[in-house]
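Commentary on secondary and tertiary structure
Letter by letter, the chains look like this.
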Amino acid sequence: MNNVSYKEAAAFLLERDGFVVFTHGNPDGDTVGSAAALVRCLRGLGKNAVAVCADPVPRKLLPLVKDGVFAEELPENIETAIAVDVASAAMLGGFEEVCGSVCFELAIDHHKISTLPCKRRLLMPDYIANGEIIYELMPYLGAKLDRDIAEALYTAICSDSGGFRYSDTRPETYEYAGELLRTGIDFAEINRRLFEQKTPTQIALEKAAYASLQLHYGGKLAVVAISKDQAEEIGAADSDFDVINQIPRQILGVEVSAVIRNRGDGAKVSLRSNEYFDVAELAKNYGGGGHTHAAGYKYNGNVADAANALITNLDGRL
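A brief report on the enclosed structure follows. (Residues numbered from 1 in each chain as written. Predicted model: local features only at pLDDT ≥ 70, side-chain atom pairs only at ≥ 80, totals over all residues. Heavy atoms only, no water.)

Walk down a regular strand and you will see the side chains alternate between the two sheet faces. Of all 6 residues in strand 8 (residues 221-226), 5 are buried; the element is thus mostly enclosed. Strand direction decides the pairing type here: strand 7 (residues 214-216) and strand 8, joined by 3 bridges, are antiparallel. Note that in strand 8 the partner of Gln214 across the bridge is Val223. Here strand 7 hands over to strand 8 after 4 residues, with Tyr217 in that stretch at a positive phi of 55°. (Buried < 20%, exposed > 50% of the residue type's maximum accessible area, 1.4 Å probe, protein only. Helix = DSSP H or I, 4+ residues; strand = E, 2+ residues; numbered from the N terminus. Pairing = 2+ DSSP bridges.)

In this section: the sheet that holds strand 12 (residues 294-299). An order of 7-8-9-10-12-11 is seen for the 6 strands of this open sheet, with the pairing classed as mixed. Pairing within the sheet leaves two strands with one partner each, and these edge strands are strand 7 and strand 11 (289-290). Summarising the sheet, strand 10 (residues 266-273) and strand 12 pair through 6 bridges and their orientation is antiparallel. Note on strand 12: the bridge partner recorded for Leu271 is Ala295. Where helix 7 (residues 200-212) meets the sheet, it contacts strand 7 and strand 8, and its direction lies at approximately 130° from that of strand 8. Each of strand 7, strand 8, strand 9 (256-263), strand 10 and strand 12 is contacted by helix 10 (residues 303-313), which is oriented at about 155° to strand 9, the strand it contacts most. (Contact = heavy atoms within 4.5 Å. Axes fitted to C-alpha atoms, helices over the stretch in contact; angles between N-to-C directions.)

Attention shifts here to the side chain of His110. Within the secondary structure, His110 sits in the loop between strand 5 (104-109) and strand 6 (120-123). Overall, the relative accessible area of 0% leaves His110 in the buried class. In terms of polar contacts, His110 uses its side chain to reach the backbone carbonyl oxygen of Ile128, at 3.4 Å. With sequence-adjacent residues up to four places away left out, His110 is seen in contact with Asp30, Asp85, Leu123, Met124, Pro125, Tyr127, Ile128, Ala129, Asn130, Ile133, Asp160 and His291. (Polar contact = N/O pair within 3.5 Å; in protein donor to acceptor, adjacent residues only side chain to side chain.)

What follows is about the pairing of strand 10. The buried count for strand 10 comes to 7 of 8 residues, which makes it a mostly enclosed element. Of the pairings in the sheet, the one linking strand 9 to strand 10 comprises 8 bridges and is antiparallel in character. Across the sheet, Val256 pairs through a bridge with Ser273, a residue of strand 10.

Turning to the packing of helix 4 (residues 147-160) against helix 5 (residues 171-181), a few remarks are in order. Running from amino to carboxyl end, helix 4 crosses helix 5 at an angle of 150°, the nearest separation of the two axes being 9 Å. By the angle between their directions, the pair helix 4 and helix 5 is classed as roughly antiparallel. Crossing angle aside, the handedness with which helix 4 passes helix 5 is left-handed. Only Thr173, Tyr176, Ala177, Leu180 and Leu181 of helix 5 make contact with helix 4, whose side of the interface consists of Ala150, Leu153, Tyr154 and Ile157. Its residues placed into classes, the contact of helix 4 with helix 5 shows 8 nonpolar, 1 polar and no charged. (Parallel < 35°, antiparallel > 145°, perpendicular 65-115°, else oblique. Left-handed = near helix turned anticlockwise from the far one by under 90°. Nonpolar A, V, L, I, M, F, W, Y, C, P; charged D, E, K, R; others polar.)

Here's what the structure looks like:
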């Protein structure tokens, strides 16, 4: 693997064609927005490009995938494989197995811990959103910013910055958002889709999250654990859980929060922190990763066991 500059990444993209852009499983606004923007940039340069995801794109992000930007199935013949916002093979979800047969030519990422096997990596770990990297890459490609690309990039940046509220938000983050707004995008509608609109299922999931919430270590650790039976009774999909990740983090005095749910044959642990605790390092111990204040991992066991293991792990550390 070779870390590359914007100039080197652009030169590679300009000389290649037949792009398949991989996003991470359980997709969020940053991975979908980054992929959609990159695909549109490449198509604008006369390239063949399409994005893929192992999981369905959430309803709130569907406006980004018009014009066939995302393929319904993984193409049989992949000429040039790229990954955006994918820090590890495990993050590919159902496409994790492709790592054994597909060579990722380029990974564009902003995670602090980025281990996806690839030939080239354009990595900006201090950036709050992968969408910022795509924005900065565009001039090197000679790509033109239009409203569709701006909508995708604004969604990416706004999503991962929590509406520009998180501590890793940079002055440049606001500057880029301002330039995207100048294209005339309906940013207010994007904000409503990302942060305000909820389905009845998500409301039921929020109710279950509050009911299951537990505090530990003098209120510094907050844990929400939703069992497989609860999730099935509510009818919650993986993408629905995004609405409850902030619930335990918002409690006054909490430093580390966790939302734990069933996924596949194990449990998915989504971690958040508020000030000093590095949850990416904690997730790394379990084969996961992420950012200082937002990370996750998969636990080989049920939800209750995952919660108990996390609580034990943090004893005396908060």
